[in-house]
Amino acid sequence: MAVVISSNGNSKSFDAKMTVYVFICVIIAAVGGLIFGYDIGISGGVTAMDDFLKEFFPSVYERKKHAHENNYCKYDNQFLQLFTSSLYLAALVASFFASATCSKLGRRPTMQLASIFFLIGVGLAAGAVNIYMLIIGRILLGFGVGFGNQAVPLFLSEIAPARLRGGLNIVFQLMVTIGILIANIVNYFTSSIHPYGWRIALGGAGIPALILLFGSLLICETPTSLIERNKTKEGKETLKKIRGVEDVDEEYESIVHACDIARQVKDPYTKLMKPASRPPFVIGMLLQFFQQFTGINAIMFYAPVLFQTVGFGNDAALLSAVVTGTINVLSTFVGIFLVDKTGRRFLLLQSSVHMLICQLVIGIILAKDLDVTGTLARPQALVVVIFVCVYVMGFAWSWGPLGWLIPSETFPLETRTEGFALAVSCNMFFTFVIAQAFLSMLCAMKSGIFFFFSGWIVVMGLFALFFVPETKGVSIDDMRDSVWKLHWYWKRFMLEEDENDVEKRTD
Ligand SMILES: OC[C@H]1O[C@](O)(CO)[C@@H](O)[C@@H]1O
């Protein structure tokens, strides 16, 4: 599969306007990110709603009602965690199928399939009369996420003029954060609607799913996908339409050339295992692991539960989640603004120190000041919320968007989509692990969970310091010469590959 993705806008620039049509396409496609964010944000609120618990998890409800002591454990239930995490497991599996439909059928049909999965999933989850319907609904939503997260970033990158690709890449993450925020607001209002507020909350995802379904009838297929599937004439016409200029020959030729090279690589997954692929592969996969082990989703999924756990009432807990959601969105704009100015490394390193301090402060307050009923006095609870907010800020301008941006700009073209697909499924896998384990970990480790994540933040900060080179301003097709070959550690893999090539030639 051949995809031309540039994320820093420094690759060859072709004549192109930012057309209204491209703008509409970007907004419609990015609705896929919004649905993903909505699903992330909604489950924490729903699992804190009494009506929902009474209907599907009566034992958790009873425990919650009588929870005075051992407050950390009132939500610890594998089925309840499965409600949240089944979606990510399904998305992980689906992203491999989505990678195939993306190349065989195109990006647009893959997005349409995503919206159909979303709609059926929403119907089942919101209309659920038993736990099976609920979980199957979440699984179908997960298929939607898998198909959407594979197709949308590729679509955005291929449709955007080269000089705007970096910013547009982060629009995906921006929409994710907006989706989380909308879900937090919906949770806040629907929690007081009895007995079916939770159905409205889960059903809310139907609106963006419909927008994606009908909106995707208006948008075009990407030129790369058309040319890749030998629809060269249509590809060229589409390129003219989205670029708003008549002379697109140079860009058209470059896509044809990229497709030719990519076709020569018979097995991109084998190629990914070769030494020369080691730097982007290791960095791409580890960034996903680290992104999730910052502990962000412990906060995102369970913010309302977490705030309740540390002593806020139901309403106040949901409201605090709305505040963190707003900070998440606003701080992502900071990331968009800074990423090409300060560079990637600065953001990764700054935020590691920043997030480490926050996690430690939260951990220390909880360890010291939680009383026997598991609640905090108001002043300390307020400090916890403030540090959660400051923590979210740091994540939102660094490990959040860079987790998607760096893998999309460091793989060479011939393994770019496969590498990216692996990164997406890796992200889903670790999101699943955190979603499934967090409540049990919170129950077992108590405030220690924050020290656990602090430990990982130290590791990722050191990894960024020693192993993530700066890619700002480097053309994406020049990573090998300008980045990897000059890096103190990664250069050995380039030399190994060069030596292998020489040996092959002399044989
Ligand atoms: O904004 C936070 C959200 O961003 C992600 O890392 C995706 O990039 C999610 O896993 C997380 O919930």
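Rules used throughout
Residues numbered from 1 in each chain as written. Predicted model: local features only at pLDDT ≥ 70, side-chain atom pairs only at ≥ 80, totals over all residues. Heavy atoms only, no water. Helix = DSSP H or I, 4+ residues; strand = E, 2+ residues; numbered from the N terminus. Buried < 20%, exposed > 50% of the residue type's maximum accessible area, 1.4 Å probe, protein only. Contact = heavy atoms within 4.5 Å. Near = heavy atom within 4 Å. Polar contact = N/O pair within 3.5 Å; in protein donor to acceptor, adjacent residues only side chain to side chain. Areas by Shrake-Rupley, 256 points an atom, 1.4 Å probe, with all protein chains shown as cover. Phe/Tyr/Trp six-rings, centres within 6.5 Å; stacked < 30°, edge-to-face > 60°. Axes fitted to C-alpha atoms, helices over the stretch in contact; angles between N-to-C directions. Parallel < 35°, antiparallel > 145°, perpendicular 65-115°, else oblique. Left-handed = near helix turned anticlockwise from the far one by under 90°. Nonpolar A, V, L, I, M, F, W, Y, C, P; charged D, E, K, R; others polar. Core = buried A, V, L, I, M, F, W, Y, C linked by side-chain atoms within 4.5 Å.

Engineer: Explain the environment of Phe-463 to me, please; I cannot follow it from the model alone.
Structural biologist: Residue placement: Phe-463 occurs in helix H21 (residues 448-467). For Phe-463, a relative accessible area of 9% corresponds to the buried category. Separated by 17 residues in the primary sequence, Phe-463 and Lys-446 have C-alpha atoms spaced 27 Å apart. The contact partners of Phe-463, leaving out residues within four places of it in the chain, are Ile-283, Leu-286, Phe-290 and Val-468.

Engineer: What's the story with the site of the ligand in this structure? I'm lost.
Structural biologist: Looking at the ligand, the residues that line it are Ile-40, Gln-173, Thr-177, Ile-180, Gln-291, Gln-292, Asn-297, Met-300, Asn-328, Phe-395 and Trp-404. In the model, an oxygen atom of the ligand is placed 3.1 Å from a nitrogen or oxygen of the Gln-291 side chain. Between the ligand and the protein, one listed contact pairs an oxygen atom with a side-chain N or O atom of Trp-404 at 2.7 Å. The fraction of the free accessible surface of the ligand (310 Å²) that becomes covered by protein chains is 100%. Mapped onto the shell around the ligand, the elements with two or more residues apiece are helix H7 (165-190), helix H14 (278-293) and helix H15 (296-309). For the shell around the ligand, the leading source of residues is H7, giving three residues.

Engineer: Please explain the packing of aromatic side chains as it appears in this structure.
Structural biologist: Pairs of aromatic rings are described using the distance from one ring centre to the other and the angle between the two planes. As enumerated under the stated definition, the model contains 28 aromatic pairs in all. Both rings, one in Phe-293 and one in Trp-456, keep their centres 5.6 Å apart while their planes meet at 70 degrees; by these two values the pair is edge-to-face. Residue Phe-293 is found in helix H14, and its partner Trp-456 is found in helix H21; the two are separated by 163 residues along the sequence. The class for Trp-456 is partly exposed, based on a relative accessible area of 27%. Summarising the aromatic geometry, the rings of Phe-467 and Tyr-489 are spaced 5.2 Å apart at their centres and angled 85 degrees between planes, so their arrangement reads as edge-to-face. Highlighted residues: Phe-467 in helix H21 and Tyr-489 in the loop between helix H22 (479-482) and helix H23 (491-506), separated in sequence by 22 residues.

Engineer: Before we go on, may I ask you to explain the packing of helix H11 (residues 232-243) against helix H12 (residues 249-264) in this structure?
Structural biologist: Two measures define how a pair of helices packs: the angle their axes make with one another and the distance between the axes. Orientation of H11 relative to H12, taken along the N-to-C sense of each, is 135 degrees, at an axis distance of 10 Å. For the element pair H11 / H12, the angle class is oblique. In this structure, H11 crosses over H12, and the sense of that crossing is right-handed. Residues Thr-232, Lys-236, Leu-239 and Arg-243 of H11 form the contact with H12, whose participating residues are Asp-249, Glu-251, Tyr-252 and Ile-255. Its residues assigned to classes, the contact of H11 with H12 shows three nonpolar, one polar and four charged.

Engineer: Where do I start with the nonpolar core in this structure?
Structural biologist: Nonpolar side chains in soluble globular proteins generally cluster together in the buried interior. One finds Val-46, Phe-52, Phe-57, Leu-202 and Trp-399 to be the most contacted residues of the largest nonpolar core, which totals 142 residues. Ranked by the residues each element gives to this core, the list is headed by helix H1 (residues 20-46), at 15 residues. Discounting chain neighbours no more than four positions away, the residues touching Leu-202 are Ile-42, Val-46, Phe-83, Val-122, Ala-125, Ala-126 and Leu-134.

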